[in-house]
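Analysis of the macromolecular model
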Amino acid sequence: MSDKQSMQFQAEVKQLLHLMIHSLYSNKEIFLRELISNASDACDKLRFEAIKTPELWEGDTELKVRIEIDKEARTLTLIDNGIGMSRDEVINNIGTIAHSGTKSFLNQLTGDEAKDAQLIGQFGVGFYSAFIVAERVTLTTRRAGLNHNEAILWESHGDGNFTLETIDKAERGTTIVLHLKEGEDSFLEPWQIKSLVRRYSDHIQLPIVMKGETEEETLNQANALWARARQEITDEQYKEFYKHVSHDFEEPLAWTHAKVEGKQEYTQLLYIPSHPPFDLYDREQRHGIKLYVRRVFIMEEAEKLLPHYLRFVRGVIDSADLPLNVSREILQESKDIDAIRLGSTKKILSLLEDIAKDNEERYQQFWNSFGQVFKEGAAEEHANRDKWAKLLRFSSTHLDDAKQTVSLDSYISRMKPEQKAIYYVTADSWTAAKNSPHLEIFKRHGIEVLLLSDRVDEWVVSHLHEFEGKTLQSVAKGDLDLSELGVDTPKIETADNEKLKPLIESIKNALGEKVKEVRISHRLTESPACLVMEEGAISGHLERLLKAAGQEVPQSKPILEINPEHRLITRLQLENNEMKVKEWSLLLFEQSLIAEGGVLEDPAGFVKRLNELML
Ligand code: ADP
Ligand code: MG
């Protein structure tokens, strides 16, 4: 009795299928790579589970992928003896959303075909790519360890429905039959399949075999790519391997491959992607390192192998020393893992150093993709702190473009002879930072200031207090003294000071609890006033970030600094009407708050005051 059941793909899958079939048409042969990649993953999983449960081998230990061509039936078939899938796994893995990122991917679609085709290129296409060339796909699978009569037949035309049926299957693993579309006959030519396997799947560790005229022929090299000598691997092969391990469709930005000997013996093949994955900022973000022990796949997403701030790195680490039955819990505690983690971190930092040295543009590309995550190392990276800090990049008053950045080293090379600190300003956006009134005195004297407007920048400067003996100093904090730089900060004669005292007193009275203090500024040359924080207090910008994140914020009041040379201030000095002084003081405070990206407590009151002034 058949239990055949018809089911619907999730709406997202339908959308994805449609898009893929229409936008990857010029690249259709990639379906073969995707299906072989899945077969290889399935065999890796079997090999791993069989360490604990040897019965899963069912007497068949020769893992491989077989390809069969039937010209008459116009089918191309891939057969693997990997882990297979149970009924639930079939439904979950290829009936619903295959990738955790699918939803966020689809949200980014624009409806513009050309743009979306580009986007899908950045998204792993996986199993569904079969429908680029097949009008019907039949998949039969039995999970290793289940009974013969618990196998599943899955079939779909890629049009929104699929059917499921319980069948009998003697061999464990998965068989996928592609009923090719009209016009796709080239995939029935053995030479074509051979050349595609060599091009896209040569790095696969298992043999990929095809029946020739007489006997079975192995089409690939069938040994682990990372175990081969570097000089025997072409760039193309490295790139194809990257696509396999990362499930990324695009080429990597760079990679490093090394065999490490010594106390710990391991091989690392690590890649830096060329663009951020869709889930880079998800809290649950996947880590991209696969752990192998002596060529046996142990686990995916081995997050202990690299620090969190390098979570964009993809690749493989193959240890010669760890036990095969290593678990996540063991990894947590393992000293061996600590050594591997340290070694791999160093390798990645060196790779980045090389890129930065050899190819600034490429480094900038890396930075634009992953700089924000890399900066999280501020709190995490201790062992390689200097190496890490040298790789940081920041926007600067020295550059006109928000996209360009400078390193701390290059900042130092431009410092004034007497300059001791590395100056920075933080703000909500690049434009706000660039135009911050706090920069006026620096601009006038040509002193470079770093413009920090990434969310994590406050985090960076709260952990990175100095670099190469130079302190990092906010231009919006403390009582600036630039006199050692030969900068004559606006001279405030004591006499002037005395004269301003009554005004300062009335402004302070007008503002009451809003400010901690009112004082004469050393940093303004154009604006009438600005808000600064005491040394050690958190900045207004950080306060807003913390509040937005729902955190308790220690109360710290700003200091209002006024520019005695500004005409508004001299005018205010002459004002006798107490009410007016009060309103103007509030306006000064409010405009200073707006200038640094703050939010007004009473916006309507501000508008009213401004309008009165305009009248
Ligand atoms: P990905 O490989 O990136 O996970 P795919 O769309 O290629 O995405 O595959 C989706 C899932 O379907 C896989 O993660 C796996 O669980 C399952 N799968 C696909 N092909 C096979 C296979 N040959 N054997 C066992 N499971 C498979
Ligand atoms: Mg896949």
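Conventions used here
Counting restarts for each chain, with residues numbered from 1 along the sequence as it is written. A letter from A marks each chain and a number from 1 marks each ligand, given out in the order of writing. Local features in this predicted model are restricted to residues of pLDDT 70 or higher, and side-chain atom pairs are both shown and tallied only at a pLDDT of 80 or more, whereas totals for entire chains, interfaces and linings draw on every residue. Hydrogens are left out, water is left out, and the side-chain values use all remaining heavy atoms of the structure. Put simply, DSSP H or I for four residues or longer makes a helix, DSSP E for two residues or longer makes a strand, and each gets a number counted from the N terminus. The span you would expect from a helix comes to 1.5 Å times its residue count less one. Buried, partly exposed and exposed residues are distinguished by accessible area as a fraction of the type maximum, computed with a 1.4 Å probe on protein chains only: under 20%, between the cut-offs, and over 50%, respectively. For this quantity, the arc is that covered by the directions from the helix axis to the C-beta atoms. Here a residue-residue contact requires only that any non-hydrogen atoms of the pair lie within 4.5 Å. Side-chain rings of Phe, Tyr and Trp, where Trp is taken by its six-membered ring, are said to pair if the distance between their centres is within 6.5 Å; with planes under 30 degrees apart they count as stacked, over 60 as edge-to-face, and otherwise as tilted. To sit over a ring, a charge needs its Lys NZ or Arg CZ within 6 Å of the ring centre and within 35 degrees of the ring normal. As used throughout, domain bounds are those supplied by an automatic or database domain assignment. Distances are taken per atom, and a residue is near a molecule or strand as soon as one of its heavy atoms is within 4 Å of it. Pairs of N or O atoms are called polar contacts if they sit within 3.5 Å, as long as, within protein, a hydrogen donor faces a hydrogen acceptor (for residues adjacent in sequence, only side-chain-to-side-chain pairs). For the accessible areas, the method is Shrake-Rupley and the probe is 1.4 Å, while residue cover comes only from the protein chains on display. Charged residues are taken to be Asp, Glu, Lys and Arg, nonpolar residues to be Ala, Val, Leu, Ile, Met, Phe, Trp, Tyr, Cys and Pro, and polar residues to be all remaining types, Gly included.

Things to note about helix H22 (residues 603-614)
The terminal C-alpha atoms of H22, which comprises 12 residues, lie 17 Å apart, in line with the 16 Å expected from a rise of 1.5 Å per residue. Listed in full, the buried residues belonging to H22 are Gly 605, Phe 606 and Arg 609. One side of H22 carries all its buried residues, which in axial view fall inside an arc of 105 degrees. Among the exposed residues of H22, those oriented more than 90 degrees off its buried face are Ala 604, Lys 608 and Met 614. Each element contacted by the buried residues of H22 is listed here: helix H21 (578-595).

A short note on the packing of aromatic side chains
What the rule picks out here adds up to 25 aromatic pairs. With a centroid separation of 5.1 Å and 50 degrees between ring planes, the pair formed by Tyr 242 and Tyr 271 is classed as tilted. With Tyr 242 in helix H8 (residues 235-246) and Tyr 271 in strand E11 (residues 266-272), this pair connects stretches of sequence that are 29 residues apart. The same class applies to Tyr 242 and to Tyr 271, which are both buried. Looking at Arg 33, its charged tip hangs above the ring of Phe 249, at a distance of 5.4 Å from the centre.

A closer look at the domain arrangement of the chain
With domains assigned, the chain is organised as domain 1 (5-223), domain 2 (230-368), domain 3 (392-488) and domain 4 (490-615). Spacing between the C-alpha centres of domain 1 and domain 2 amounts to 26 Å.

Focus: the site of ligand 1
The environment of ligand 1 is made up of 11 residues, and the closest members are Asn 38, Asp 80, Asn 93, Phe 127 and His 247. Between ligand 1 and Thr 174 there is a distance of 3.2 Å, counted from a nitrogen atom to a side-chain nitrogen or oxygen. His 247 places a side-chain nitrogen or oxygen 2.5 Å from an oxygen atom of ligand 1. Coverage of ligand 1 by the protein chains reaches 87% of its 530 Å² of free accessible surface. At the level of secondary structure, the elements contributing two or more residues to the shell around ligand 1 comprise helix H2 (30-52) and helix H3 (87-94). Taken together, the residues of the shell around ligand 1 sort by class into 4 nonpolar, 6 polar and 1 charged.

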